[in-house]
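Coordinate analysis (summary)
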Amino acid sequence: MYWKKLSHEQIKEIVFKALGENLDYRGERPILGIPGTYLDTSEFYPDAPFLQDAPYMSAMVRNPNHIGVHTLSDKSVLEVFEGTQKIERELIHLVAEEIFNGEPNGQDGYVATGGTEANIQAMWIYRNYFIKEHGARLGEIGLVYSEDSHYSMPKGANILNIQNIILEVDSETREILKSSLEEKIKEARSNGVKYFIVIANLSTTMFGSVDDIDMLGDFFSNQNVDFRIHVDAAYGGFIYPFTNTTSRFTFQNPYMNSITADGHKMLQTPYGTGLFLIRKGYIEYVKTEEAQYIPGKDYTISGSRSGANAISMWMILKIHGSEGWKYKMETLCDKTERICKKLEKMGVEYFRNPYNNIIAIKAKYMSAELADKYYLVANSYEHKAEWYKIVVMPHVKPGTIDSFLMDLAGELKSKKN
Ligand SMILES: *Cc1c(COP(=O)(O)O)cnc(C)c1O
């Protein structure tokens, strides 16, 4: 994994050049047929002096539409924004090939609104693949995921009318129980499910736990059923590959067919930046032929979307370079490690994946008031909390960590007495 760091000046130059290659609604060329324009000028006036030094804000004000998928070879969708769409294409190549080790030009993708959309986009593609290639009926398609998975899974299954198959995890290690996998798939098969869309988590939201993608892949291979694995790395996609150099979540692993990686979680980009990546040859299963007015058709759930979002992801990755981002993520992991060591000394039980910055602490060690004071999130708000989690994000200061640990130690001491 390697890409070079750029300076702010270099980034500015590339983004402004790309904006210059887009057709400008204020430019010489007549634009009469497009139902889009620049942002309303009463508030977003284009001659605000700061914009000259602010490539992302400038892109927002110019408002390019990145509708469609730009890694496909057919004629670029809405050519008028070709300049900034090239940046999105470069972003997809960078993440797919450098971070997730894909072959050059081996993947398609786009900047979705978030992890929810990217996960549902994957399910939609595989559902249609099973229908088109195998004549599957809806009742024969199952969505397999662990009980620790994000709620976008049941949401997607509901929208797409496919069956939920929910696997139990070990209450301590948060690993998918092989016994549950065997039992649930046997039951599903006897109920007529023949095709499996399988989710492997590269960091669950609550625990930061990581599913064993090879165990899942081997299991379904041995069952002799048709399946595809989608990786939900909405949370972990921009930390785990940097902290674990032997990650199995790469496109070199034949089991990984597609992946979600949110910009707006660990990468600190604005909301509306959920990256979706998939091996070439699949996105065509959701081509909307009826998208008559879009040259090149549409393949996404979202339709129109902001080009500025794609630019923001590209900018963050480029300003750090691969080495800079790795350093930043390793530093977060070091901070997390320090908290874990202190918890151990205090005899407090927790769960943590060593490559992530999430610590789930057993709820019995602290009062609800203490959890509330530091905005720790509970695993359930319907039932009694069993876990509270700490997420060591970049805004978390050592002083805050210290005072939390002191408060916790105080509670534990008064309990003993
Ligand atoms: C946040 C998250 C999602 C959903 O992402 P949104 O961007 O909020 O739609 C999906 N999966 C996991 C593991 C997440 O952490």
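Residues numbered from 1 in each chain as written. Predicted model: local features only at pLDDT ≥ 70, side-chain atom pairs only at ≥ 80, totals over all residues. Heavy atoms only, no water.

The name an unreviewed UniProt entry assigns to the protein is PLP-dependent enzyme, glutamate decarboxylase, from the organism Belliella baltica. Recorded in UniProt under Sequence similarities (unreviewed entry), the annotation for the protein is "Belongs to the group II decarboxylase family. Sphingosine-1-phosphate lyase subfamily." Its UniProt record, at the heading Cofactor (unreviewed entry), says of the protein: "pyridoxal 5'-phosphate". (UniProt positions renumbered as here; feature names shortened; annotations may be inferred.)

**Focus: the overall build of the protein**
When you go through the protein residue by residue, the secondary structure sums to 11 helices and 11 strands. A globule of 417 residues ought to have a C-alpha radius of gyration of about 22 Å, and the protein, at 23 Å, matches this closely. Overall size of the protein, expressed as C-alpha extent along the three principal axes, is 80 × 55 × 40 Å. Buried residues in the protein amount to 55% of all 417 residues. For the protein, the share of sequence-separated contacts (at least 6 apart) that also reach a separation of at least 24 residues comes to 71%. As displayed, the protein offers around 19,500 Å² of accessible surface, 52% of which is attributable to carbon and sulfur atoms. (Helix = DSSP H or I, 4+ residues; strand = E, 2+ residues; numbered from the N terminus. Rg over C-alpha atoms; globule rule 2.2 N^0.38 Å. Buried < 20%, exposed > 50% of the residue type's maximum accessible area, 1.4 Å probe, protein only. Contact = heavy atoms within 4.5 Å. Areas by Shrake-Rupley, 256 points an atom, 1.4 Å probe, with all protein chains shown as cover.)

**Concerning the site of the ligand**
Around the ligand sit 14 residues in total, of which T116, D232, D262, H264 and K265 are the nearest. T116 is positioned with one of its side-chain polar atoms (N or O) 2.6 Å from an oxygen atom of the ligand. With respect to the ligand, the side chain of D262 contributes an N or O atom lying 2.7 Å from an oxygen atom. For the ligand, whose unbound accessible area comes to 380 Å², protein coverage reaches 87%. By residue number, the principal contributor to the shell around the ligand is helix α4 (residues 115–134), which donates three residues. Of the residues belonging to the shell around the ligand, the class tally is two nonpolar, nine polar and three charged. (Near = heavy atom within 4 Å. Polar contact = N/O pair within 3.5 Å; in protein donor to acceptor, adjacent residues only side chain to side chain. Nonpolar A, V, L, I, M, F, W, Y, C, P; charged D, E, K, R; others polar.)

**Some points on the sheet that holds strand β8 (residues 350–351)**
Note: strands within a sheet are paired through backbone hydrogen bonds, in either parallel or antiparallel orientation. The strand order β8-β9-β11-β10 describes an open sheet built from four strands, whose pairing is antiparallel. Each of the sheet's edge strands pairs with one partner strand only, and the pair in question is β8 and β10 (377–378). Pairing of β10 with strand β11 (residues 387–391), which is carried by two bridges, proceeds in the antiparallel orientation. Paired with V377 across the bridge in β11 is K389. (Pairing = 2+ DSSP bridges.)

**Quick notes on the nonpolar core**
If you look at the biggest cluster of nonpolar residues, it comprises 92 residues, and the most contacted ones within it are V95, F196, F220, F238 and F404. Of the residues forming this core, the biggest block, 14 residues, is contributed by helix α9 (residues 307–345). Residue-level mapping places this core at the junction of two domains, with at least three residues from each of domain 1 (79–320) and domain 2 (322–416). If we ignore the near neighbours within four places in the chain, the residues touching F196 are F130, G142, V144, I165, I185, A188, R189, F220, V225, D226, F227 and R228. (Core = buried A, V, L, I, M, F, W, Y, C linked by side-chain atoms within 4.5 Å. Domains from an automatic or database assignment.)

**Quick look at the UniProt feature "modified residue: N6-(pyridoxal phosphate)lysine" (unreviewed entry) in the protein**
The UniProt entry lists K265 under the feature "modified residue: N6-(pyridoxal phosphate)lysine" (unreviewed entry), expressed in the numbering used here. Tracing the sequence through the fold places K265 in the loop between β6 (256–262) and β7 (274–279). Setting aside chain neighbours within four positions, we find K265 in contact with A234, Y235 and M393.

**Brief notes about the pattern of salt bridges**
Scanning the entire structure with this criterion turns up 23 salt bridges. K318 is the salt-bridge partner of E90, the closest N and O atoms lying 3.3 Å from each other. Here E90 is found in helix α3 (residues 82–99), whereas its partner K318 is found in helix α9, with 228 residues between them in sequence. With its nearest N and O atoms 3.1 Å apart, the salt bridge here joins E140 to R137. Its relative accessible area of 7% is what places E140 among the buried residues. Since its relative accessible area comes to 55%, R137 is described here as exposed. (Salt bridge = Lys/Arg side-chain N within 4 Å of Asp/Glu carboxyl O.)

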